[in-house]
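# Descriptive structure summary
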Amino acid sequence: MRVISKRPEGQPTRGKTAPHRLRRVDNFLLLYAANLLRRLDGDFARAFYVDLGFGAEPVTTLESAQCFRPINPTLPVLGVEIDRERVTAALPFANEITHFRLGGFNLPLFRQPNGALEPVRLIRAFNVLRQYEESAVADAYRRLGSYLLPGGLLIEGTSDPTGRIWVANLLRKPALGDGDTPLQTEALVFSTNFRDGFDPGIFQTRLPKNYIHRVVPGELVYDFFQAWKQAALETLPIQVWGPRQWFMASAQALAARGYRVALQRKWLRRGYLLWQPSR
Ligand SMILES: C[S@@+](CC[C@H](N)C(=O)[O-])C[C@H]1O[C@@H](n2cnc3c(N)ncnc32)[C@H](O)[C@@H]1O
């Protein structure tokens, strides 16, 4: 294998992370993308789960590996950091199937003997783009998407420091796509473990970069929050049964207003609201 030497694209940012911070993201992926994590056909046999921007310690990458390997014991995991010292600190935790490399949005992938880059099935970028300008988001998606195998997934989002609350974009590489095929938005996911109660407003400050500055009249996400707040008000009596029941009822009321939200109990009772944003 030959190393592709290239300057990492992006900028080093604060490395704050914590054990269990992204555990709910791992649990969500186990439910949402189990087949993708499990696949062993063709290029998928060697395809990475990439944790982009793992931070000061590689703890969340190692937790992902531990969470996903029960369903795919040989899943290759790659933690990527743009900060050299953070990569050095992670290297003692590497093994034959868990790797840590210096890199950026242009992922540090090796050229295989057949000339193709190492394949990638799923990329998680959490609390990374939030520290960039909004204008950087589209290029980052384009670049990251170019590495995904057809059917692959990018989950890009923002969480609070504990990981109790997060919001993430789910973007899919079309099944018939090649390197240049743009990612398609599959959902915006709102996640809470209900420890902080429920109120649609708790998600507003955790929106990913492409939405955080757009909660203003005339924008899709503004209308969505207005509708969700209204739905929460309508269903307020359910609050006596607790925040989980209220959250679930508010999702039903949102759907009744025409919003494309997933109503399956497997999402809602676990505190995941999946919305397909479209005009
Ligand atoms: C706030 S930490 C997030 C750590 C972990 N993902 C979490 O959510 O707890 C963000 C990390 O992303 C890294 N980072 C920023 N831009 C990057 C890029 N383009 N490629 C790789 N890492 C990047 C920063 O160096 C920093 O360590």
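What comes next is a walk through the structure. (Residues numbered from 1 in each chain as written. Predicted model: local features only at pLDDT ≥ 70, side-chain atom pairs only at ≥ 80, totals over all residues.)

## As for the overall build of the chain
Short version of the rule: Starting at the N terminus, helices and strands are each numbered in turn, a helix being any DSSP run of H or I of at least four residues and a strand any DSSP run of E of at least two. The globule rule is 2.2 Å times the number of residues to the power 0.38, and the radius of gyration it is compared with is taken over C-alpha atoms. To assign burial, the other C-beta atoms lying within 10 Å of each residue's own C-beta are counted, with C-beta atoms placed from the backbone; 20 or more indicates buried, 12 or fewer indicates exposed, and intermediate counts indicate partly exposed. Placing C-beta atoms from the backbone, we regard two residues as in contact once those atoms come within 7 Å.
A tally of helices and strands in the chain yields 9 helices and 10 strands. Over its C-alpha trace the chain gives a radius of gyration of 19 Å, about what one expects of a compact globule, namely 19 Å for 279 residues. The buried share of the chain, taken over its 279 residues, is 43%. Long-range pairs, those at least 24 residues apart, make up 65% of the contacts in the chain with a sequence separation of at least 6.

## Quick look at the packing of helix α1 (residues 23-32) against helix α3 (residues 59-68)
As a reminder of what qualifies: Lines fitted to C-alpha atoms define the axes here, with helix axes fitted over just the stretch in contact, and angles between the N-to-C directions of these axes take values from 0 to 180 degrees. Between 65 and 115 degrees an angle is taken as roughly perpendicular, under 35 as roughly parallel, over 145 as roughly antiparallel, and anywhere else as oblique. For a crossing to be left-handed, the near helix must be turned anticlockwise from the far one by less than a right angle; the clockwise case is right-handed.
Contact pair α1 / α3: the axes reach a minimum separation of 10 Å and the direction vectors enclose 30°. Judged on the interaxial angle alone, α3 and α1 are roughly parallel. Like other packed secondary-structure pairs, α1 and α3 cross with a definite hand, here right-handed. The residues of α3 that touch α1, namely those facing Arg23, Asp26 and Leu30, are Glu63, Ser64, Cys67 and Phe68.

## Some points on unusual backbone geometry
In this structure, Asn127 is a non-glycine residue whose phi angle is positive, near 60°. Mapped onto the fold, Asn127 is located in the loop between β6 (120-126) and α5 (137-145). Take Asn127: there are 26 C-beta atoms within 10 Å of it, and that puts it in the buried class.

## Here's the deal with the nonpolar core
Under the convention used in this document: Core membership is restricted to buried Ala, Val, Leu, Ile, Met, Phe, Trp, Tyr and Cys residues, and these are joined into a nonpolar core through C-beta atoms within 7 Å. Domain delimitation follows an automatic or database domain assignment.
Among the nonpolar cores identified, the biggest contains 71 residues, and Val50, Val120, Ile123, Leu154 and Val189 are the most heavily contacted of them. Considering every element that reaches this core, the biggest residue donor is helix α8 (residues 243-256), with 7 residues. Mapping this core onto the domain boundaries places at least three of its residues in each of domain 1 (2-191) and domain 2 (214-275). Setting aside residues up to four positions removed in sequence, Val189 forms contacts with Phe28, Val167, Ala168, Leu170, Tyr272 and Leu274.

## A few points about helix α7 (residues 220-234)
Test applied: What a helix is expected to span follows from its residue count: subtract one and scale by 1.5 Å. Throughout, the arc means the angular range of directions from the helix axis out to the C-beta atoms.
Taking 1.5 Å of rise per residue, the 15 residues of α7 would be expected to cover 21 Å, and the 21 Å separating its terminal C-alpha atoms lies within 8% of that figure. Residues Phe224, Trp228, Ala231 and Ala232 constitute the buried set of α7. Taken around the axis of α7, the buried residues stretch over an arc of 100°, which confines them to a single face.

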